[in-house]
Amino acid sequence: MRKNVIKLLARQLWQNAFRSKVMLIASILMLCLLLFSAYSGWVNYHDQNFTRDEIQDEVKESWENNPDKHPHRMAHYGSFALRLKHVLSVFDLGMENFVGNAVFLEAHKQNTVNFSEASMSTGLLRFGEVSLAMLLKVIVPLLIFYLGFATIAQERENGTLKLLIGQGITRKEIVFGKWLGLWCLSLIFLGAIFLVLLFFVLIESHDTMHADSIFRYVVLLLAYLLFFGVLSAITILVSAFSGTAKGALIKLLGIWLLFVIIVPKSLQAIGFYLYPTPSKIEMETAVEHDLAQLGDSHDPNDPHFKAIKDSVLRVHNVEKIEDLPFNYGGFVMSQGEAMSTKVYLKHQEDLYEVYGKQNNLERYSAFVNPYTAIKNLSMAFSGTDFQSFLHFKDKAEAYRFKLAQDMNQLQMDLIPNKGKAGPDTISNEYWKEFPPFEYHFLSISDIFKNELMSLLALVLWGGLALFGLLRLSTNLKAI
């Protein structure tokens, strides 16, 4: 293949595109949407993180300013964990507005994460938000199809394709020249959006986050480059195998509808039908039932915990609780906390398994729909996918469990058993020793692990697109 011929054909496609008013209108529209989505995304990210930082500081201050108390009362006093947004959430909102942002952490109970944006907004939010990623995933593919539907079909209709071949330009040069021109056109929109995003990443990421954000940014950029290359190849192939330019346009619009709307929405509905999730009431009833089977750690006459007491007395070779070298109440609470946590985690894992089956149905479709692959990768590396939410929830639960068990340990070590002389409260200095909740985002390696299927699917699509263009190079019909 002659590089200068390929560049010439690509430049010709550019010139034809820029002569059309469609390109001008599309550029103005994209610029307006880019400015709006970048501004709204940044304001949303900045305001919410600022508010959450303030509330988290108030939570810490409130916790530390508690007076001298019994440790178990502090375990019930509890704390809050608030979810921070990643700077790349400016790019892709993903599920950000539909999952909760704050969870109340207390002893004996796992509360749900509440205060999602959707729950505090009108129903209009459920129609979708305008984000930088939405422009690249939904609008730009439509533009690629529109700008490229006539690339080969119209050349054939006008007879110029036969003329080009007659002048000594090979079919391979024509195919790859058209593809390169169309792909580079899409990079105008990609470059503008990623330049804006790079600005946000550079001004916001501090030292510890800088490398992480830059790496995520690079992966996103490479993924979208490949995605647009695949879409450009599909456009060229459809245009080449269509009898007329009009027919090619109709087929490409149908593919866009299938990729972006019909397949994802249908699979979500099928997933919910095949793997139904229990309602909140059903879930809470099942958890309460299993907790009741364990017994009540606050009831000294509960059979299960009475058996534990007898066992502890035997091990320490004493007859009465008062003679134990630690506070028995704290010990029972720690045992009860560990058992109730296991019950909550079991039901939570069962629920996550159902969610996983629902999500996998759509995830596997990435091998037949490149939109699914880029959607999952985009959300994952922006820190706005479901796995990122579960990661926060798991970290909050680990913090809750540690808080409850640390308070139980303080009770065991510093509060005397009933009937023995000693304080019933401990100094509030102990509250200050307990660190506040800090959340660190999902690691890059974990994201790669979670999205391996999407990555493989996108790379496979890249290979298929190249294979399709090479095959077309030998089979392209001039008439």
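Anything mentioned here points back to the structure above.
Note that the coordinates shown come from a computational prediction; the quantities given were computed from them, not determined experimentally. (Residues numbered from 1 in each chain as written. Predicted model: local features only at pLDDT ≥ 70, side-chain atom pairs only at ≥ 80, totals over all residues. Heavy atoms only, no water.)

Chemist: Account for the overall build of the protein chain, naming residues and giving values.
Modeler: Within the protein chain, the secondary structure is distributed over 17 helices and 3 strands. For 479 residues, the compact-globule formula gives about 23 Å, and the C-alpha radius of gyration of the protein chain, at 30 Å, lies well above that figure. Taken over the C-alpha atoms alone, the protein chain extends approximately 105 × 45 × 40 Å along its principal axes. A burial count over the protein chain gives 48% of its 479 residues as buried. (Helix = DSSP H or I, 4+ residues; strand = E, 2+ residues; numbered from the N terminus. Rg over C-alpha atoms; globule rule 2.2 N^0.38 Å. Buried < 20%, exposed > 50% of the residue type's maximum accessible area, 1.4 Å probe, protein only.)

Chemist: Run through empty space enclosed by the protein, naming residues and quoting values.
Modeler: Counted by the stated rule, this structure contains 6 cavities of 30 Å³ or more. Counted as a void, the largest cavity has a volume near 100 Å³. Taken together, 13 residues make up the lining of the largest cavity; nearest its centre are Lys60, Trp63, Ser79, Tyr399 and Pro436. Looking at the lining of the largest cavity, the elements with two or more residues in it are helix 2 (21-64), strand 1 (79-82) and helix 14 (386-414). It is helix 2 that contributes the most residues to the lining of the largest cavity, 5 residues altogether. Of the residues assigned to the lining of the largest cavity, the class counts are 9 nonpolar, 2 polar and 2 charged. Its volume calculated, the second largest cavity comes out at about 70 Å³. In this structure, the second largest cavity is lined by Val103, Leu105, Gln110, Asn111, Gln348, Lys393, Ala396, Glu397 and Arg400. Mapped onto the lining of the second largest cavity, the elements with two or more residues apiece are strand 2 (102-106) and helix 14. With 4 residues, helix 14 is the single largest residue contributor to the lining of the second largest cavity. (1 Å grid on protein atoms, 1.4 Å probe; cavity = no way out; pocket = protein on both sides within 12 Å on 5 of 7 lines; lining within 4 Å. Points joined across faces, edges and corners; volume = space filled by probe spheres on them. Nonpolar A, V, L, I, M, F, W, Y, C, P; charged D, E, K, R; others polar.)

Chemist: Break down unusual backbone geometry for me, with residues and values.
Modeler: Of note, His108 is a non-glycine position whose phi angle comes to about 70°, a positive value. The phi torsion at Asn317 lies on the positive side, around 55°, for a residue other than glycine. With respect to the secondary-structure elements, Asn317 resides in the loop between helix 11 (303-315) and helix 12 (328-364).

Chemist: Quick one: what's the story with a negative patch on the surface, residue by residue and with numbers?
Modeler: A cluster of like negative charges, contributed by Asp53, Glu54, Asp57, Glu58 and Glu61, occupies part of the molecular surface. With respect to the helices and strands, the residue Asp57 is situated in helix 2. (Patch = residues over 30% accessible without salt bridge, like charges linked within 9 Å, V, L, I, M, F, W, Y side chains within 5 Å. Areas by Shrake-Rupley, 256 points an atom, 1.4 Å probe, with all protein chains shown as cover. Salt bridge = Lys/Arg side-chain N within 4 Å of Asp/Glu carboxyl O. Lys, Arg positive; Asp, Glu negative; His and termini not counted. Charge placed at Lys NZ, Arg CZ, Asp CG, Glu CD.)

Chemist: I'd like a description of the pattern of salt bridges, backed by residues and values.
Modeler: This model, assessed by the stated rule, comprises 15 salt bridges. Between Asp310 and Lys306 there is a salt bridge whose closest N-O contact spans 3.8 Å. Here the residue Asp310 and the residue Lys306 both occupy positions in helix 11, the gap between them amounting to 4 residues, near one helical turn. Residue Asp310 is classed as partly exposed on the basis of its relative accessible area of 29%. Given a relative accessible area of 38%, Lys306 falls into the partly exposed group. Glu353 is the partner of Lys357 in a salt bridge, and the nearest nitrogen-oxygen pair spans 4.0 Å. Here Lys357 and its partner Glu353 are both found in helix 12, 4 residues apart, which amounts to about one turn of the helix. Classification of Lys357 by relative accessible area gives partly exposed; the value is 39%. The exposure class assigned to Glu353 is partly exposed, which follows from its relative accessible area of 46%. Shared partners join several salt bridges into a network, and the residues in it are Glu337, Glu397 and Arg400.

Chemist: Outline the sheet that holds strand 3 (residues 109-110), supporting the account with residue identities and numerical values.
Modeler: Taken in spatial order, the 3 strands line up as 1-2-3 in an open sheet, and their pairing is antiparallel. With one partner strand each, in any of the chains shown, strand 1 and strand 3 form the two edges of the open sheet. In terms of strand pairing, strand 1 meets strand 2 through 4 bridges, oriented antiparallel. Counterpart to Ser79 in the pairing with strand 2 is Leu105. (Pairing = 2+ DSSP bridges.)

Chemist: Just give me the short version of the packing of aromatic side chains, but keep the residues and values in it.
Modeler: One pass over the structure, following the stated rule, counts 29 aromatic pairs. The interplanar angle of 80° and the centroid separation of 5.5 Å between the aromatic rings of Tyr439 and Phe441 together place this pair among those described as edge-to-face. Put simply, the rings of Trp63, Tyr77, Phe392, Tyr399, Trp431, Phe434, Phe437, Tyr439 and Phe441 pair up and form one aromatic cluster. (Phe/Tyr/Trp six-rings, centres within 6.5 Å; stacked < 30°, edge-to-face > 60°.)

Chemist: Which residues make up helix 1 (residues 3-19), and what are the values?
Modeler: Given a rise of 1.5 Å per residue, 17 residues ought to cover 24 Å, and the 24 Å separating the end C-alpha atoms of helix 1 matches this to within 8%. Within the span of helix 1, buried status applies to Val5, Ile6, Leu9, Ala10, Leu13 and Ala17. One side of helix 1 carries all its buried residues, which in axial view fall inside an arc of 135°. Facing away from the buried surface of helix 1 by more than 90 degrees, the exposed residues are Asn4, Lys7, Leu8 and Arg19. Tucked inside the fold, the buried residues of helix 1 contact helix 2, helix 6 (160-166) and helix 7 (171-204). (Expected span 1.5 Å × (residues − 1). Arc of directions from axis to C-beta. Contact = heavy atoms within 4.5 Å.)

Chemist: Give me the nonpolar core: which residues, what numbers.
Modeler: By size, the foremost hydrophobic cluster in this structure holds 83 residues, and its most contacted members are Phe91, Leu136, Ile193, Phe194, Tyr224 and Phe228. Ranked by residue count, the leading element in this core is helix 8 (residues 207-240), at 15 residues. Not counting the four nearest positions on each side in its chain, Tyr224 is found in contact with Phe91, Ala133, Leu136, Lys137, Leu190, Phe194, Ile374 and Ser378. Among the nonpolar cores identified, the runner-up in size contains 26 residues, and Met74, Leu390, Met407 and Ile415 belong to it. (Core = buried A, V, L, I, M, F, W, Y, C linked by side-chain atoms within 4.5 Å.)

Chemist: Describe the side chain of Arg216, and please don't skip the residues or the numbers.
Modeler: By the element assignment, Arg216 lies in helix 8. Judged by its relative accessible area of 1%, Arg216 is buried.

Coordinates in, geometry out; function isn't part of it.
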